[in-house]
Protein chains: 2
Amino acid sequence: MINIAILGFGKVGSGVAEVISRGYNLICKEIQDSIQIKYILDLRDFPGSPYQDLIVHDIKTILEDPEVKIVCETMGGTKPAFEYSMACLRAGKSVVTSNKEVVANFGNLLCDAARDNGVRYLYEASVGGGIPVIRPIKNALAANEIYEINGILNGTTNYILTEMDKKGKSFDDALAQAQALGYAERDPRADINGDDACRKICILAALAFGTLVAPSMVNCIGIRDITQTDVSIAKKFGGAVKLVGSTKRMPDGTIDIRVTPCLVPPYNPMVKVDDVYNAIMVRAASLGDVMFYGQGAGSLPTGSAVLSDIMDIAKHLKTKQPTQETWESSDSGVVCDAETTPTSYYAAVNLTPDELTPYIEDIEVLHTEDGLTAFIAHGISHKSFEFALAAAGAQVFSKLRAL
Amino acid sequence: MINIAILGFGKVGSGVAEVISRGYNLICKEIQDSIQIKYILDLRDFPGSPYQDLIVHDIKTILEDPEVKIVCETMGGTKPAFEYSMACLRAGKSVVTSNKEVVANFGNLLCDAARDNGVRYLYEASVGGGIPVIRPIKNALAANEIYEINGILNGTTNYILTEMDKKGKSFDDALAQAQALGYAERDPRADINGDDACRKICILAALAFGTLVAPSMVNCIGIRDITQTDVSIAKKFGGAVKLVGSTKRMPDGTIDIRVTPCLVPPYNPMVKVDDVYNAIMVRAASLGDVMFYGQGAGSLPTGSAVLSDIMDIAKHLKTKQPTQETWESSDSGVVCDAETTPTSYYAAVNLTPDELTPYIEDIEVLHTEDGLTAFIAHGISHKSFEFALAAAGAQVFSKLRAL
């Protein structure tokens, strides 16, 4: 019998309980043991719930019970989630989490604590909801250097951008619709400003490059300034505007890490990642480009991802747990300057390609019509791109980073 | 030191050797041991190759060496690959394979032999080349019932269809181009007729439903009859024609399994899976739709997938290997009749939607213009669809299964 505890019985915590209940026989068969939720920690009481007898209000009950081997932290926020996770690891319990805020800010400390105590800290559910992405990347990494990761990491903003694209809505109307459907919070800033996507790209970069960049160090631009003009010009040539988190190891060892709205060109499969779906594209040495797509949020998908971590740990309880990875913490020199680091930029302007090429060498024309050229410039910094557009005397209708 | 042997030093076998050589330090760190290719079995000699001293011509050398714990079968074809794999398992060696023909025809016997001998038979590389798909599906399966799998499983036919779409080529010209680039064999029948995709959907169905359907029992239609008309009508509304392998568990317990060209509607992310890329879309209970995308072939991607299996086994050599799964073999009643089982069909006809609806109830109109309606009918069998089109007196410009 494997006893687990759930910290926080909200959307994800209750999803974990439901996924365990639905798949109980399959799970027991796979881990070759039975599994039981022994405690659920929450401030509330849940009278009438089938889980009401499991509710506890004091973390000590869990910390002091040696039968509890695995703790699911599904609280959200860093306080007291970080402190509780740390206490569980130090008490010799493995911790699995869906809490990207904790992983992105304190993952290095929690990985260290897990390793020091011979237990594990797993976080599959912190990125991409139900999409299996952390474990496949870990596996790929075991034999392949990862060069680059790009992801549509936030379902709320992707829903808003999709509504603007498909229904021609304004940003404000699309946001109101997302709020009405419960996809966006009443205070939608964490999504809209890119904070949520930022935490996820920090986690992916830590996984890929072994360095945890603090979210505050990331060049992060949300979607508040995206207009119907941006979206409808992109639509003319089959492109789309998406909020993309990107990270790449530069030749000098620094890390390029950003979250910004991007023009996704029509030939990139991420262009069809719509509504609340997420997708993560990984470029690795021998593998080439691999993409993982699915529901980036939701009680059951995220609960499934939490459960995959529980099962991973459960399967190793009687043998030896694999060693926890180490993440260096970032110092100020690790992240390269987003203004001056070459990447790809997109613009839609009033000039012809011939009028542009004297100023920007490497351009890929996506669309031309009378008085409009939409193009991507490759290998150029934001600073140089701005300068070139000004020098060419371009009237700019839309300007974004490009994938 | 973990000793492995490679059977067949062609494209995939040499890819395995190269991926091990490139990632050697990472691999040793991950498996906490060193790894060595001790033998390479091939008919040829490879003089001058850095691997020439490892070449052997007799399987007995490998079978009789107790130091060899893991054998990579990358031979292709069933003879002698099946016999050799069986002999290795019986000699207490785990086998990993990229050989879909062997897995699709004899996977049940090989899984049984692995289980009986306390070793493993893994086949990540047999579907989707370098895309991590078998292992994530196994993980998902451990807690989720899988309802349905659809995949673009063959890179060669996808390249041909993409050329027909993007460049307006005829089928014959696109095939010739694929042959010139080495994507298609001189005798391209295994790809064009759908045999390769068929083997892969059999493997995915066995994984998902526990029953190995013989490839000969699958309703399999290749792309030879796809015309520029099919492709260009689909293109009008942002759709695409793709060769899709599909499998689904029916309410009565039978398995719907098919390989046919399909109309992929514009809102399905598989519509952007172009060139030699593959994608596998899985629908599972709690997870919803999850898609895996990447290079479905190639020496290094496929070699990486083989290596992921080698590492999985290597990590468990000192503890206990997970139990090998069981696949039932199919009898004639397992596969449902493709003619009469309801699914979705697409047609482009000369009638208006109003002229169609008296004959076909549930239609989704994708495109209309003067004298042309493109639509999908849901929940209809092929037989009924044909009958309805005839009854409506439709002139049919294009007709395909629909995703």
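All values reported here derive from a predicted model rather than from experimental measurement.

Looking now at the overall build of chain A. On a plain count of helices and strands, chain A comes out with 14 helices and 18 strands. What you see for chain A is a C-alpha radius of gyration of 23 Å, in line with the 22 Å of a compact globule of 403 residues. Across its three principal axes, chain A shows a C-alpha extent of roughly 70 × 45 × 35 Å. Across the 403 residues that make up chain A, the buried fraction comes to 56%. The contacts in chain A between residues at least 6 apart in sequence include a share of 73% that link residues at least 24 apart.

With that out of the way, let us pick up the pairing of strand E11 (residues 255-264) of chain B. Side-chain direction in a regular strand flips from residue to residue, so the side chains alternate between the two faces of the sheet. Residues and elements named next belong to chain B. In terms of burial, E11 is largely enclosed, as 9 of its 10 residues are buried. With 2 bridges connecting them, strand E9 (residues 219-220) and E11 associate as parallel partners. Residue pairing for E11: asparagine 219 is matched across the bridge by arginine 258. Relative to E11, strand E10 (residues 240-249) runs antiparallel, the two sharing 10 bridges. Counted as the bridge partner of arginine 249 is isoleucine 255 from E11. The turn linking E10 back onto E11 is made up of 5 residues, and glycine 253 within it adopts a positive phi angle of 90°. Both E11 and strand E18 (residues 396-402) contribute to a ladder of 2 bridges, which runs parallel. Each residue of the ladder has a partner; that of leucine 263, found in E18, is alanine 402.

All right, on to the pairing of strand E16 (residues 363-369) of chain B then. Residue and element names in this part refer to chain B. Two strands pair when backbone bridges link them, and E16 and strand E17 (residues 372-380) are joined in this way by 6 bridges, in the antiparallel orientation. Within E17, the residue paired with glutamate 369 across the bridge is leucine 372. A loop of 2 residues connects E16 with E17, the two strands running antiparallel in sequence, and glycine 371 in this loop sits at a positive phi of about 80°.

Below, the discussion takes up the interface of chain B and chain A. Tallying the contact residues gives 40 residues for chain B and 40 residues for chain A. Elements represented by at least two residues in the side of chain B that touches chain A include exactly helix H1 (11-22), helix H2 (24-31), helix H6 (134-141), strand E13 (288-295) and helix H12 (299-315) of chain B. The biggest single contributor to the side of chain B that touches chain A is E13 of chain B, with 8 residues.

Further remarks concern the relation of the copies chain B and chain A. Of the transformation placing chain B onto chain A, the axial shift is 0.0 Å and the rotation is 180°, giving an RMSD of 0.0 Å. This pairing of chains is accounted for by a two-fold axis. Within chain B, the C-alpha atom positioned nearest to the axis of rotation is that of phenylalanine 292 of chain B, 2.4 Å from it. The residues that chain B uses at the interface reappear at the interface of chain A in 100% of cases, marking a shared surface.

All names here are of chain A. The omega torsion across lysine 79 and proline 80 is 5°, close enough to zero to call that bond cis. Mapped onto the elements of the fold, proline 80 is located in the loop between strand E4 (68-73) and helix H4 (81-90). Phi at glutamine 32 is positive, roughly 50°, even though this residue is not glycine.

What follows covers helix H14 (residues 382-391) of chain A. Note: α-helices contain 3.6 residues per turn, so residues at a spacing of three or four share the same orientation. Residues and elements named next belong to chain A. Taken together, the buried positions of H14 are occupied by His382, Phe385, Ala388 and Leu389. Seen along its axis, H14 keeps its buried residues to an arc of 125°; they face one direction. Facing away from the buried surface of H14 by more than 90 degrees, the exposed residues are Ala390 and Ala391. For H14, the elements touching its buried residues are strand E15 (343-349), strand E17 (372-380) and strand E18 (396-402). One or two positions beyond H14, positive phi appears at glycine 393, with a value near 70°.

We now examine the sheet that holds strand E3 (residues 55-56) of chain B. Residue and element names in this part refer to chain B. One open sheet holds the 6 strands; their spatial order is E3-E2-E1-E4-E5-E6, and the pairing between them is parallel. Since the sheet does not close on itself, it has two edges, and those belong to E3 and strand E6 (121-122), each with one partner. Inspection of the sheet shows strand E4 (residues 68-73) paired to strand E5 (residues 94-97) by 4 bridges, in the parallel sense. From the neighbouring strand, cysteine 72 faces E5, where its bridge partner is valine 96.

Burial of H6 of chain B is extensive: 6 of the 8 residues sit out of reach of the surface. For H6 of chain B, the set of buried residues is Ile134, Pro136, Ile137, Asn139, Ala140 and Leu141 of chain B.

Let's shift gears to the domain arrangement of chain A. Residues and elements named next belong to chain A. As far as domains go, chain A holds domain 1 (2-130 + 299-329), domain 2 (138-292) and domain 3 (343-402). Placing the centre of domain 2 and that of domain 3 at their C-alpha centroids yields a distance of 22 Å. Listed per partner, the contact involves 12 residues of domain 2 and 11 residues of domain 3. Breaking the side of domain 2 that touches domain 3 down by element, the ones donating at least two residues are helix H11 (228-236) and strand E11 (255-264). Considering only residue class, the side of domain 2 that touches domain 3 consists of 7 nonpolar, 3 polar and 2 charged.

Definitions and limits used
Residues numbered from 1 in each chain as written. Chains lettered and ligands numbered in written order. Predicted model: local features only at pLDDT ≥ 70, side-chain atom pairs only at ≥ 80, totals over all residues. Helix = DSSP H or I, 4+ residues; strand = E, 2+ residues; numbered from the N terminus. Rg over C-alpha atoms; globule rule 2.2 N^0.38 Å. Buried ≥ 20, exposed ≤ 12 C-beta atoms within 10 Å, placed from the backbone. Contact = placed C-beta atoms within 7 Å. Pairing = 2+ DSSP bridges. Least-squares fit on C-alpha atoms with pLDDT ≥ 70 in both. Arc of directions from axis to C-beta. Domains from an automatic or database assignment. Nonpolar A, V, L, I, M, F, W, Y, C, P; charged D, E, K, R; others polar.

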